[in-house]
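Coordinate analysis (summary)
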Amino acid sequence: MIKQLDDKYVLPTYARQNINFVEGKNATLKDDKGDEYIDFTSGIAVVSVGHSNDRLNRAISDQIAKMIHISNLYQIEPQAKCAERLVTLSGYDMKCFFGNSGAEANEGAIKIARKYGEVDGEPKRYKIITLEHSFHGRTITTVKATGQESMHNYFGPFPDGFVYAQNIEQIESLIDEHTVAVMIELVQGEGGVQPLDRQKVKVLADMLKKKGVLLIVDEVQTGVYRTGEFLASNLYDIEPDIITLAKGLGGGVPIGVVMTSKKDVLKAGDHGSTFGGNYLSTTAGNTVLDILSELKDSGELDHTFIYFEEQLNKFYETNKRLFLDSVGFGLMRGLRVKDADTLSLIISSCSKEGVMVLKAGKNTLRFLPALTISKKEIDEGFKRLNKAVKDL
Ligand SMILES: *Cc1c(COP(=O)(O)O)cnc(C)c1O
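Below is a summary of the structure that appears in this document. Just so it is clear, the structure is predicted and the values come from calculations on it, not from any experiment.

1. Some words on the site of the ligand
- Lining the immediate environment of the ligand, one finds S101, G102, A103, N106, F135, H136, G137, E185, D218, V220, Q221 and K247.
- Contact distances for the ligand include 2.8 Å between an oxygen atom and a backbone N or O atom of G102.
- In this structure, K247 approaches the ligand through a side-chain N or O atom, which is 2.5 Å from an oxygen atom.
- Taken by itself the ligand offers 380 Å² of open surface, and the protein chains cover 82% of this.
- The greatest single-element share of the shell around the ligand, amounting to three residues, is contributed by helix α5 (residues 102–119).
- The residue makeup of the shell around the ligand, split by class, is three nonpolar, six polar and three charged.

Here's what the structure looks like:
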């Protein structure tokens with residue numbers, strides 16, 4: 001029934017699986033047939049505090065009983081508090097702008113960089129260097145910022161000024177007098193769970209500071225404790241000029257943020273968002289930050305990371321015939337599968353066994369579970385994974 005409606009009325013932009021989930025608790029989901037699934041995806045790194053988190057539900061319910069939205073023309077208490085929290089947790093001297101998604105956060109980052117390059121003396125600078133295999137979003141500009149040729153079919157003409165580096169070492173040679181910024185993910189997510197080398201990133205960050213080229217770090221996927229620290233930028237020990245966040249921050253409520261140390265570039269009227277930072281989304285953001293920062297401070301989050309890594313590596317070692325490598329940090333993990341066909345088989349078999357996993361890049365089996373996932377759920381998930389690959 002739902003599939004018929006979907007087929008008839010929803011544009012077919014996704015290769016959807018025909019599963020209809022009806023409810024969830026933490027990292028366990030139930031479909032309309034009553035079958036249970038272990039969720040190693042958390043809605044692509046979004047449901048960071050698990051499904052139907054009681055504390056998040058209560059905070060949202062209390063807020064929406066009062067008001068959901070007023071507009072950015074008035075003071076918004078949870079938005080101001082969320083900005084303070086983000087700046088404090090990041091450890092960087094920055095200010096925030098709130099939108100609704102990762103792509104929108106990256107649009108904001110690109111606008112800040114472009115305006116900075118426009119007003120910061122002659123010659124005017126506008127070029128932004130990004131990496132091959134990156135992913136920065138689906139709007140016309142962020143799709144152009146994305147270093148994947150296959151995503152540049154059909155939608156042109158695109159905005160000018162995006163330059164792609166094959167790897168981090170090549171960036172310096174691509175900088176010219178018109179380059180204003182470099183935009184990177186520290187662990188490429190959609191591109192296949194590709195962590196950049198820490199030392200090379202430090203060298204890059206130093207070189208950019210010396211040249212006055214801005215460093216934008218797209219933390220839409222890596223941010224909010226996904227890789228173990230509050231930001232991957234903290235883990236890599238660098239000081240970006242602009243950072244973007246989205247996925248995990250709202251626990252499922254749409255939210256996107258661009259934070260920058262260039263606090264005076266955007267003036268009133270330069271940028272905006274009708275929904276951005278409203279009572280609903282920033283209340284969710286504040287509660288997610290409370291829950292996760294407490295988990296981190298108590299040491300529990302690190303225990304979960306270690307336990308998940310142990311189980312993942314056990315699974316990897318016992319199934320080496322299928323895999324080439326185990327990659328990633330924290331709860332952003334991947335197993336390189338020996339070929340893309342085997343990966344497809346694994347994913348469909350996992351679905352039958354009741355464990356949800358993701359594909360990334362060409363041949364990476366990706367894991368992005370809720371940061372609140374329990375040991376029991378991790379054990380059950382890997383039990384099902386083992387079953388799923390048994391005959392492959
Ligand atoms: C998901 C993602 C985006 C896009 O976020 P949307 O909310 O889908 O617009 C951008 N950058 C990275 C690194 C992502 O993982």
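2. Describing the layout of surface pockets
- Space inside the second largest pocket adds up to approximately 730 Å³.
- Surrounding the second largest pocket, 25 residues form its lining, N72, Q79, C96, F97 and F98 being those nearest its centre.
- Looking at the lining of the second largest pocket, the elements with two or more residues in it are α4 (77–90), β4 (95–99) and β12 (256–260).
- With four residues, β4 is the single largest residue contributor to the lining of the second largest pocket.
- The residue makeup of the lining of the second largest pocket, split by class, is 12 nonpolar, eight polar and five charged.

3. What about a nonpolar patch on the surface?
- Together, M1, I2, L5, Y9 and V10 make up a nonpolar patch on the protein surface, roughly 570 Å² of accessible area in all.
- In this structure, Y9 sits in helix α1 (residues 2–9).

4. Let's talk about the packing of helix α11 (residues 300–318) against helix α13 (residues 375–389)
- Packing of α11 against α13 brings their axes to within 10 Å, and their N-to-C directions diverge by 15°. Of the possible angle classes, the one that applies to α11 and α13 is roughly parallel. Two packed elements cross with a definite hand, and for α11 against α13 that hand is right-handed. Contacts between α11 and α13 pair T304, Y307, F308, Q311, L312, F315 and T318 from the former with K375, I378, D379, F382, L385, N386 and V389 from the latter.

5. As for the sheet that holds strand β16 (residues 358–360)
- Strand order across the open sheet formed by four strands is β13-β14-β17-β16, with antiparallel pairing between neighbours. The open sheet terminates on both sides in strands that have one partner only, identified here as β13 (323–329) and β16. Sheet twist, expressed as the average angle between the axes of neighbouring strands with direction ignored, equals 30°.
- Two elements, strand β14 (residues 332–337) and strand β17 (residues 364–367), share four bridges in a ladder whose sense is antiparallel. Along β17, the bridge assignment pairs R336 with T364.

Criteria and thresholds
Residues numbered from 1 in each chain as written. Predicted model: local features only at pLDDT ≥ 70, side-chain atom pairs only at ≥ 80, totals over all residues. Heavy atoms only, no water. Near = heavy atom within 4 Å. Polar contact = N/O pair within 3.5 Å; in protein donor to acceptor, adjacent residues only side chain to side chain. Areas by Shrake-Rupley, 256 points an atom, 1.4 Å probe, with all protein chains shown as cover. Helix = DSSP H or I, 4+ residues; strand = E, 2+ residues; numbered from the N terminus. Nonpolar A, V, L, I, M, F, W, Y, C, P; charged D, E, K, R; others polar. 1 Å grid on protein atoms, 1.4 Å probe; cavity = no way out; pocket = protein on both sides within 12 Å on 5 of 7 lines; lining within 4 Å. Points joined across faces, edges and corners; volume = space filled by probe spheres on them. Patch = residues over 30% accessible without salt bridge, like charges linked within 9 Å, V, L, I, M, F, W, Y side chains within 5 Å. Salt bridge = Lys/Arg side-chain N within 4 Å of Asp/Glu carboxyl O. Axes fitted to C-alpha atoms, helices over the stretch in contact; angles between N-to-C directions. Parallel < 35°, antiparallel > 145°, perpendicular 65-115°, else oblique. Left-handed = near helix turned anticlockwise from the far one by under 90°. Contact = heavy atoms within 4.5 Å. Pairing = 2+ DSSP bridges.

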